Every structure is written in C-alpha cells, then in structure tokens.
Amino acid sequence: MSGRKIKVEPSAATNAGSTSGESTSERVIQLLNEASLSRRDADKVRKLQLVQELIVHKEQDLLDNFTDEFLAFQADRSPEVKKVVIGFMEDACKKDNELLTKVISNLNLLRTDAAVGVIKKLIQSMTQLFGIVINWLSKTKTVSDSHKACWKVTCDIRDHILELLDSDNDGIRTQSVKFTEKVIVTLSEVQHNSDVTTKSAALFSLDKVPAGHTLLKYDDLKADGEKAMNGLLAFVSNPAISSVNLMAAMATLSAICKQRPQFMGTVVQAFETLHANLPPTLAKTQVASVRKHLKMQLMNVLRVLASHPYHPQITNLLYDLGTTASEIAKNMPKVGQRQSSRKRTQDSKTRGMDMKKMRKDVDDSDEDEDTPSPSTVQATPVINEQAMAIDITATELSPLLTPENVANLVLLSMVMLPDKMPDAFQASYTPIESAGTDDQVKHLARLLSIQMTAMKIGPGVQKAADFAMQERSKKDKKLEDSNKDKKLRIETVIGGTTKPVITEEDVKDKKAKETIEAMITSQTVVPRHGIHRRIQGFKLESITKPLNMDTKETILRLAVERVLRAEVNASVGGVHKQWQKILPSLVAQFGGELHRKLAEFILADIRNRAELALGWLYEEFNIYLENSKGSNDKSALENYDTCLTGLLQGFQEKPEVKDELFVRLALQAPLLTDGAVQQIAVFCKNEKRAISGLNLMKKLITMRVPKKGPLLRMLLSLCSSEVRFIQSRAIEIATDFYDNADLQEFIQGFALAHLKLLKEDKPPNALLSEEARVDNPAWNENLIKQCLALFLALLPLNHDLIGDLAEVYIQSSGDIKRVVLKILDEPVSKMGMDSPQLLKFVETCPKGAETLVTRALHILTDKSLPSKELVNKVRDLYIKRVPDVRFLIPVLNGLDKHEVLRALPKLVQLSPAVVNGVFNRLLGVNRIRDGEVHANALTPVELLVALHDIDSNVAEVKNVIKATSFCFAQKAVYTSEVLVTVMNQLVERVPIPTLFMRTVIQSVITYPRLSGFVMNVMQRLISKKVWEQDKVWEGFVKCCQRLKPQSFQVLIQLPSAQLQSVFETTTDMRNAMKQYIDRFTPQQKSHINKDVLALLLNEDAVTALDKESPRKFDASKAKIEQSFAADQLKMTENQEIPDLSAIVKTESVDMNDNLPPGVGTTEIPPPLATETPPQAKVDSSHDRRSPTPTLDEAPDFN
C-alpha cells in the first residue's frame, strides 16, 4: 500500500538534524523543492515518499502545514507521481479525519484521469476512506456546510466507481468489485450471527448510524447498499464477464454473506445461477478454474453458521462440482463454533439492548423525528425479482419431475445434442451421487427454473413481476405521502387560496444548499504556485555541464558503427545470434540517424541479413507495445512504420532481390501499417512482380484481419488496372473472396461505385495516368472497360446486378453504350438463359435499355436454341409492352411458324445488316458451320416462298428484293434442288408472284445448269398467259434475252402479238431469231405458227415452206434438235456465273433494272450441225459470289 512506511536513511531523514543541524521542516522544504525541479519521475517519487514519511508518520504537526504543497504535485504528468499523491491523501485522512474536507475534491478530480494505474490507485484508496468518511460524519455532532459538501462529493465518487464495473479495463473492474464489497458491508447491519473478526467489528456498519442524524439517513443508506448489491449481482450474471473478474466477484459474494448473513440467500441464489449458466466466452481451462474457485467459495459459505438453512442447495451444488460427501462433512460448522457463536450472539444482544436504550433516550428527547431506528427495522435480504421468479418456478416444477417425465426430457433433448461434446460440458461434468433423492430433485428443479427464468418463461416470471410492481407502487405511494408539502394552502371563504408561508428555516436550507455547491465548485484543488522558499543544499548541476545533443548523437553513432563492423568477428567467434540481438536493440532504443545506418547495412546484403531485418522489426514492435498507452505512443509507432516501410521499399528497389524475401517480410511483420500497405500496393503494380504481389495480398487479406479493409480496397483498385494481366489476376482473386459472406457487400459496393462512374461526363482522375490528366479528359474504350471489368466479373455470380447495369446504361452516353454492348458476351453467356433475374429483366425491360435487352438476347441465342420460358417472356414483351419486331429476332427459332410468317414483312424492312442476321438465324447458317443439327422455324423453301407472298402494301418491294438476295447468297442452303422446289411452287400460284421472274433469273445465273428446267417453267408460263401480268412479263422477256438462243424455242410458241411486243422491247431479238429460223428446213418451218413465221419472214418464204415435202421435215427436225442439245451442253460447261449483286439493286423497283450487261444484246447465230454456238459474253467485273453481311452488334433503337 501507499501508506506503508518507507525506510529513511539516517543521513537523509532520521538524523537530518544531527548531521546538518537543519530541522525537519527545513528538510521537508528542501525535498519538496528538489522534487519540483527533478526531471526524472523516479527521483520525484522517491523524494515525495520521504516527505510523506516525515510529515505523516514522524512529525504529524507538520501535516497541516505542508498538505497544500504536497497536493500541488497532483498536476504532474507522471502517473507514478499522482499515485504517490493519492497514497498521501489516504494516509493523511487516516491520521487526521478533518483533512477529508480539504482533499476529497482532489480525489474527485482524479477520477477522470486517463492513466489506468491512477484510477486503480484511487479505487483502492476510496475503499479504505469510504468507511472512514461515514464513521467520521456519524460522530460529528454539529453538521456544517463543509461536512455536507464532503458527503456529497464522496457519494459522487462512490457512484462513479460503481459504474466502473462496466469499464473496458479488466484491472479496473476487479478493483471496483472490491470497492463494491466495502460499500455493501458498510451500508448494511451487523446481525447476531454475523461472522466478523475483531478488526472488522471495529469498522462502521449501518446499525451504528445515530438516530435522527441530519446528514446520514438510515433509509437512504440502506437503499444505496441494496443498489450496490444488485449491481454486483448483475455484474456476475453478465455473459461477457472475464474469468478473473468472475472469480473476484465470487470471492466478494462469499465475504459479504459471511459478514452479513441477511444476504446469504441472495448469494446462494447467485452461485446457483452462475453454476447453471457459465459465461460462454470462457475457454476450457478457464471453465475448470472458475468451477474450482466456485467450489472453494461454496466451501467457505458452508462453514458459516448462518448457512444452515441453505445447506441442501449448497451441498447439491458441491456434489455437481465433484465434491465428495467426506469433504462436505469436514467443512460443516463444528459444535464448538456453534457455542462460540451463541456466546457472540448473547454479547451482541446485550450490546443491542444498550443501543436500544440509548436510542430510546434520543427518541424521547426529540419526538418530532420520524427516522426509523436500525434496531427496530427488520433485516431483510435484497429484493431480487429474478430470485423470486426462480423460487416460484422451482416450487411448481418439483412435483412434476417424476422419473418418467425426466426420462422423456432426456430423450427429447437427445436430438439437439451437438456432434462434438462442448469443452465447457466436458470440463464441468461430474457423476451425480444423490440421484433420485428429494434434495436432488429440488436441485434439478432449481436448475431448470434458472434456465427457464433466463429465457423469460415459467409461472414465476409473471408472479415475480407482479409482486415487484406492487412493491414499487407501495414505495412510490409512501414517498409521495412523505413528500407532501406540509405548508398547504388554506381555502378562503370566497373560494381563493392563501399563498404558502415561507419560513426562516426554508430560507436557511436554501442558503445552505447554495453554500455547499459554491464550496464544491470553488474549492482550490491544486495550488497554482509552488513553495517560495529558498532552495538549499548541494546541486550537481551547478558543477557539471551536460553534453549537447550533437555530441550524444556522435557517440551513439560511433558505437553502432563499431557493432556493425563486428559482423564477421561475431560469426567467427560463434556469437552471431547474440550480435543479431544486440544491434537491433541499440538502434531501436536510440533511433534517429541510426535507423538509416542499419537500413543501409541490411540492404547492402539482403540475402544474408534478412534475419537481422526481422529482428530489428520485432524490436521496434516491442518498443511500440511498451509505449502503446503512454505519451510516446505516436513516436514509437512512427519508428516502427519507418522501419517496416523502409525495408519494404529497399527490397523493391533492389532488382537482384527475389520476390520471396519481400513476401516473407510482409507476412512475418507483427503489425502492418498504412505505409506498409502502400508499399505492397506499389509492389503489386510492378509488372514484373505483380503476380507475387497479388498472391501476397490474397494471403494478407485472409491472415491480417485488422488490415483487411485497406488491403481489400487496394486489391479492388487493381481490378481497374491498365495492365491487362494484373487486372485479370486481381479480378480472379476478388471473385474468390466474393464467396465470403463478410466481404460480399464491400466488394459489390466497390464494383457498383466504379460502374456508376460511367454516369459522369468526364472520367475521374483516379482512373487516369499523370499524362492523361488533361484539361478536358474524355471517356475512351479502355477507361470504360476498366470501370466495367470487376462488375462484369461479378455479374455471373450475382445475377441481381443486371438491374444496376441497366440503370447506368440508360443514363450513359452513346459511346459508353456501344462499349457495354461490345463486351457483354462473356458475362451474359455465363448467366445463361435460365437465370430468373435475367428473365425478369427481359420481362420488365426498363425504358431506354431496349438495346441492352436485345443484345443480351442475341448473346444467349447466338449458338443455342432459346428456351421456352425465354421465348414466352420475349413474346409477352413484344405483344404487351414494346411492339418492336427486333425483339423477336433472337427467339425466331423458338416461335411458331405462323408467328414468324406474320412478323416477316416487318423484319425485311429493317437495315440490311439486321436482315442478314435474321436470315442467318432462320436458316441456321452459324449452326451449320459449327456442325450442329438444328430444326428451323421455317425451311429454306418456306422462307423464300413466304418472301414472294409478301404484299407490296405491307412491305416495300425493294426490301423484299434485298431479302431474296440474302437467301441466294447462302449457297450452302439454297442449292439447285431447293430452288427447283421453290420455282415449282411459285409457278403454280395464281396470280404469279411479282418477283417470280427475278427469282428465276437469279436461279439460272447462280446455277446455269438449271437453264433446261427454266425453259420448261417458261413454257408453263406461256400456258398461264404470263403477258397478262406486266411485271412478270417484263421478267419473262429479260429471261428470254438472257437465255438466247435456248429461249428461241420458247419464244416461237408465243402468240404473234406477244412476240411482236418482245421485238419492240428488245430490237436485237428479232434479227437473232430470224437468223435462227432461216437455218430451219422447210419442214421445220412448217411447224411454226404462221403468224409468228410471217412476223419473222416474208410471205413468199412462208408459201414455199408449205410446198416442201413433209419427209424432209423429219430429218431437219432431228438435226435441229441435235444442234440444240449440243448448244445447251456447251453453255452448261463454259458459261461463267456472274455476280448476284449485278442484278440486285434496291434503289429501283423496276424489274428490268440492273440485269447483267449483254443479256439480249449478243447476237448468236442459229446452231448448225457443223457449228458450235459461241459462248455467251458475261461481264467480267462481277465475281461469282456476293458478300454476306454479318450482324456485328445489336441495332440501335435510339
């Protein structure tokens, strides 16, 4: 304790007068002055302890003279000095109680000190002084304002210390428990069966309060004691209590019930509750220690004579704790103890009679006082609502605990047992020796009642609450009655009231209160000035000169340099490990320029001095721990940070250093600072070391929980790195951490924040390099991808994010939208068309996000068939909300045939690139290339036929022409056989489709070997009077011109009027046919229609033909047919295939536009038996194949 005597050297204190002739007073003055000027805390403490020894224990007459000077050291910064001051105030008040009025405010000021040691010392001193204050005030006959002020401050300190039971510091809580014990024992009565010693009997108790004391009210003091007891019980039942505090509290409860038996039931109840509900935060070893301590305290309670009514409960608890019956019997109260107890009881009764007589005299002398006497008030335990509830529930449970019911409870609880036996149960389980006895059944009922009451169930909870409410209402009513104003207003006859009379006593009370408050607030706590007396004695500073800072630093530097140079000698001498310990210790202790010296020394040979670097780092960390709660906390942390950051930076700057050394230093560092995190970030941004750095960051996030946030934020920032492989690896690690539920929200929030940057007009500077930070930076594709990279990686893991993407997409610019659509393939493909969130997104289709929805649909259905659910969602969207046919394109192959045919007219009116994509999907072109078998909604024949059936009023003819051209471009689909089927179906249509003849011409150009079939089709058209449909007739004429001279056989079958129309349209056709007919024999000419022949030849030639012999006709006919067959064979073998685009131009709807040059213009002589018809001239500027446009991106709806 601070009050113990300190041995004083004879030359310094005891024999001070004999050696130097100076008095004790002068010696005290000298010591105080030396202490005030001392710079070292240890010297200051030593001198103050000498002063305390002199004025408290040797010359008490000087105590009052030097109290203010000693209290002045309370303002010192050192916690040790403050602790000495607190010890002085404690000893001084014990010697002279009147000093309490002077020092109590100083103690009150120290309760807010930041040092834990000072608070603990204050609590220890107040534990001693609390009883002294009450005892002193109780003996004071005349209570002054200073006495009232002292008692008020004491109560404030008491309440503050009781609140420290909830402190964060374990030691402060333990000391507060001891103080609480003192308050409870002091503010309660001594009973006849109290187990008190001679020393404790002399202490103050509640029964010593004089009746009618003006300051100490019996009821108020008793209520304060009960409040402290309830606070202690609540502290014990706290589930977060530590094992040290719990054992201290158990010892306190045991001591309380020894000295105050009225609390025996409450303490036993608390032990039962604690046994049934041990704190879940205790480890296995702590549980064993707590149970052992509980057993010891129960043994101590069992020895108390007053515990006799509670022996069944205590013994059952001891049995549960593994105590044997013999051990319990040994600790039962002995007969001799009971007799001595009876004797003490008689003595206490005698003292009680004397006290009653004395109080009776006091009561007779002052009949107006209504304060109850302690001897007349029955000693009752603390009313605990929870204890009452436990008792009531246990009473009702006891008869219900039959063997059958207990067995059923055990069987029902078996299903809820954990797979592994809990540590607490394993450490606390002991076999039950008295199973089945009445005491054991009652004990089991109480254990169940405790558990039920803790869960707020059971009959006792409500009954106890009702009883407590009744008690509170009674107290409130009693307090209300006692507080009624005795000076009631008197009603007058006319209905008014008189004003309350203010007596002289009221004025005095008011003035007294004001005086007390003024004394508390205005009392000088710490004197502002020291002692203005002459300083005497020898001073070392007067004859010595301290070294300047430069000299000190030079000496230190030279010493460290000698140690550095001793590395080789230390290795040779076998003391290299000791050398590695000494060097970091010196540098860490003195710091300054030595940090740079050691860092350079380590970096000069990193490979061999890595252990030295770690030793230095841990030495700096130890110094930081020693100063973590002191005034040098900040500087110690800065030194450690400088050491760690400098080493990490030096490792990076050395190209010969392997990544493993950097990683090892970062992993083994005891504490990661912000500077170290920044160095790790720089390490990760180095392209040569990025992979090692990112793997290091992954380990640190898992291992270093305090720095998890900054490290994870740094990792996520690398997800938007400009370097592709760094970005990819960072995203891979981030997605791995995304599976952790604790990190999901943080990672997702970071990704969303970067996504929402796309709403801004300009990219933020955080995304730009130093060179790119111009006055007006703009978004480019790389910056957009950096913002989207992490988000798109998370999208397949959390499909709900598709809504956030749509929100940003709607508000972003056109450039950003194009990039989003471009890089959307991979995440949407991973989501799949079965994703509920994606289906909902398609169904709702936010306004402005139509292109995003369309692009997602294209990606999902590009290489696979759409699912039924997806088709239904798109169909509903098209019908109910957005009637844009472009939504149907991705799911065309999932629609019914009639739905596709109904949408076809709208589809062909789209842009050429989109139409090309539509036909690729309908024809399954991409899947044919991938080798997949696919069932299309329409067959190629049905598609081409449907295009011819489109009404010109619904879709423009030029758009239909483009669509048919796309079909012909797919030669793998539209083979010659398919085109033959199409032409066979179209030729039978009535009326003949407008574009039929264009399709015929395209077919024969694409596949020249179809010329014979085309001739057959043209003959069928003649029978259908093709000249009655203008557009079809124009195509017929063009086809004839294209296929001459084969078409001459068809033309001569036309009526003369239609043939004349052909000649008028194509002027060169007449001469070519005439030359062809001139080579016919008369017999051949005789089979030609006379009108046609007359149109081609003159009348005389026709008459001569009629006179020719029919026999010659047969020979000529055979010769002509043979020549015609030879011409067809050569045309098939040698004719080139012109470019399809030569006849497909959409600017004009004219059927005769843009046919290949030379059609109908090349004159071919009629075939003869001895001639080979010349090859038809074809425009060489046309290629054989027409280009096939592809759908690079989704159509823009804006």
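Definitions and limits used
Every residue gets a number counted from 1 within its own chain, in the order that chain's sequence is written. Per-residue local features are limited, in this predicted model, to residues with pLDDT of at least 70; the limit for side-chain atom pairs, both in listing and counting, is 80 or more; totals at the level of whole chains, interfaces and linings are taken over all residues. Heavy atoms from the whole structure form the basis of all side-chain values; hydrogens and water molecules are not counted. Helix axes are fitted to C-alpha atoms over the stretch in contact, other axes to C-alpha atoms as well, and angles between N-to-C directions run from 0 to 180 degrees. Secondary structure is summarised from DSSP: a helix means a run of H or I of at least four residues, a strand means a run of E of at least two, and numbering begins at the N terminus for each. Each angle gets one of four labels, with under 35 degrees taken as roughly parallel, over 145 as roughly antiparallel, 65 to 115 as roughly perpendicular, and the rest as oblique. Crossing handedness is defined as follows: a turn of the near helix away from the far one that is anticlockwise and smaller than a right angle gives a left-handed crossing, while the clockwise case is right-handed. A contact between two residues is defined here by any heavy atoms of the two lying within 4.5 Å. Amino acids outside the nonpolar list (Ala, Val, Leu, Ile, Met, Phe, Trp, Tyr, Cys, Pro) and the charged list (Asp, Glu, Lys, Arg) are all regarded as polar, and Gly is one of them. Only the six-membered ring of Trp is used, alongside the rings of Phe and Tyr, when aromatic pairs are assigned; centres must lie within 6.5 Å, and planes under 30 degrees apart are stacked while those over 60 apart are edge-to-face, with the rest tilted. Exposed residues in this analysis have more than 50% of their type's maximum accessible area, buried residues have under 20%, and partly exposed residues fall in between, with area computed by a 1.4 Å probe over protein chains only. Put simply, a nonpolar core is a bunch of buried Ala, Val, Leu, Ile, Met, Phe, Trp, Tyr and Cys residues held in one set by side-chain atoms that sit within 4.5 Å of each other. Each salt bridge in this description consists of a side-chain nitrogen of Lys or Arg and a carboxyl oxygen of Asp or Glu lying within 4 Å of one another. A helix is expected to span 1.5 Å for every residue after the first. Each residue carries a pLDDT score, the predictor's own confidence in it, on a scale running from 0 to 100. Any N or O atom pair separated by 3.5 Å or less is treated as a polar contact, with the protein-specific requirement of one donor-capable and one acceptor-capable atom, and with residues adjacent in sequence counted only for side-chain atom pairs.

### Considerations on the packing of helix 47 (residues 940–948) against helix 48 (residues 957–969)
Put simply, helix 47 and helix 48 touch, their axes get as near as 10 Å, and they point 160 degrees apart. The pairing of helix 47 with helix 48 is recorded here as roughly antiparallel in orientation. Where helix 47 crosses over helix 48, the handedness of that crossing is left-handed. Seen from helix 47, the contacting residues are Leu943, Leu944, Leu947 and His948; seen from helix 48, they are Val960, Ala963, Thr964 and Cys967. Looking at the contact of helix 47 with helix 48 residue by residue, the class counts come to six nonpolar, two polar and no charged.

### Overview of the packing of aromatic side chains
Applying the stated criterion across every chain, the model contains 10 aromatic pairs. An angle of 70 degrees between the planes, with centres 6.0 Å apart, marks the rings of Phe130 and Phe179 as edge-to-face. You can see Phe130 sitting in helix 8 (residues 116–138) and its partner Phe179 sitting in helix 10 (residues 170–186), a full 49 residues away along the chain. By relative accessible area, Phe130 is classed as buried at 0%.

### Regarding the environment of Phe651
Locating Phe651 in the fold gives a position in helix 30 (residues 633–653). Between the C-alpha atom of Phe651 and that of Leu661, which follows or precedes it by 10 residues, the distance is 7.6 Å. Not counting the four nearest positions on each side in its chain, Phe651 is found in contact with Leu603, Ile606, Val657, Leu661, Phe662, Leu665 and Arg689.

### Focus on the nonpolar core
In terms of nonpolar packing, the biggest core is built from 204 residues, with Leu805, Leu852, Leu947, Phe996 and Phe1036 touching the most fellow members. It is helix 37 (residues 781–794) that contributes the most residues to this core, nine residues altogether. Beyond its immediate stretch of four places on either side in the chain, Phe996 contacts His948, Met983, Leu986, Val987, Val1017 and Leu1021. Listed in part, the 102 residues of the second largest apolar core include Leu62, Ile119, Phe179 and Leu233.

### Some points on the side chain of Thr252
As for its placement among the helices and strands, Thr252 is situated in helix 13 (residues 243–259). The buried category is assigned to Thr252, whose relative accessible area is 0%. Here Thr252 is in contact with Val177, Lys178, Glu181 and Leu232, once residues within four sequence places are set aside.

### Quick look at the pattern of salt bridges
In this structure the tally under the stated criterion is 35 salt bridges. Among the ionic pairs, Lys759 bridges to Glu807, the shortest N-O distance being 3.4 Å. Here Glu807 lies in helix 38 (residues 802–811) and Lys759 lies in the loop between helix 36 (741–756) and helix 37, a separation of 48 residues in the sequence. The partly exposed category is assigned to Glu807, whose relative accessible area is 35%. With a closest N to O distance of 3.1 Å, Glu826 and Lys830 form a salt bridge.

### Thoughts on helix 45 (residues 912–923)
Between the first and last C-alpha of helix 45 there are 16 Å, a value that for 12 residues agrees with the 16 Å anticipated at 1.5 Å per step. A large share of helix 45 lies buried, amounting to 10 of its 12 residues. Turning to helix 45, its buried residues are Val914, Val915, Asn916, Gly917, Val918, Phe919, Asn920, Arg921, Leu922 and Leu923.

### Some points on unusual backbone geometry
Outside of glycine, negative phi angles account for most residues, and trans bonds account for most peptide bonds. The omega torsion across Val990 and Pro991 is -5 degrees, close enough to zero to call that bond cis. Note that Pro991 resides in the loop between helix 49 (976–987) and helix 50 (996–1006). A cis amide bond links Lys1044 with the next residue in sequence, Pro1045, at an omega value of 10 degrees. Along the chain, Pro1045 turns up in the loop between helix 52 (1030–1042) and helix 53 (1048–1051). Of note in the backbone geometry, Cys845 takes a positive phi value of approximately 45 degrees without being a glycine. Inspection of the secondary structure assignment puts Cys845 in the loop between helix 41 (836–844) and helix 42 (850–861). Positive phi is not limited to glycine here, since Lys1025 has a value of about 55 degrees.

### Notes on the confidence of the model for the chain
Per-residue confidence for the chain gives a mean pLDDT of 75, with 76% of residues at or over 70. Counting interchain partners and residues more than four positions distant, the pLDDT-below-50 stretch residues 1–21 has 32 contacts. The low-confidence segment residues 338–383 (pLDDT under 50) makes 40 contacts with residues lying over four places distant or belonging to another chain.

### With respect to the environment of Ile1052
Along the polypeptide, Ile1052 turns up in the loop between helix 53 and helix 54 (1056–1065). Counting along the chain gives 40 residues from Ile1052 to Val1092, while the straight-line C-alpha distance between them is 6.7 Å. Each residue touching Ile1052, except ones within four places of it in the same chain, is listed here: Met1073, Ile1077 and Val1092.

### Let's talk about the packing of helix 34 (residues 708–718) against helix 36
Two elements in contact, helix 34 and helix 36, have axes separated by 11 Å at closest approach and are oriented at 40 degrees. With respect to helix 36, the axis of helix 34 lies oblique. With respect to the hand of their crossing, helix 34 and helix 36 are arranged in right-handed fashion. Contacts between helix 34 and helix 36 involve Lys708, Gly709, Leu712, Arg713, Leu716 and Ser717 on the former and, on the latter, Leu743, Phe746, Ile747 and Phe750. Partitioning the contact of helix 34 with helix 36 into residue classes produces six nonpolar, two polar and two charged.

### Some thoughts on the side chain of Glu850
Residue position: Glu850 is located in helix 42. Owing to a relative accessible area of 16%, Glu850 belongs among the buried residues under this scheme. A polar atom in the side chain of Glu850 sits 3.1 Å from the backbone nitrogen of Gly848.

### Examining helix 29 (residues 610–626)
Here helix 29 is 17 residues long and its end C-alpha atoms lie 25 Å apart, about the 24 Å a rise of 1.5 Å per residue gives. Residues Ala610, Leu612, Ala613, Leu614, Trp616, Leu617, Glu620, Phe621 and Tyr624 constitute the buried set of helix 29.

### Some points on the environment of Ile992
Within the secondary structure layout, Ile992 lies in the loop between helix 49 and helix 50. In the structure, Ile992 is positioned 37 residues away from Gln1029 in sequence and 8.0 Å away in space, judged by C-alpha atoms. Those residues in contact with Ile992 that lie beyond four places of it in its chain are Val987, Leu1021, Lys1024, Gln1029 and Val1032.

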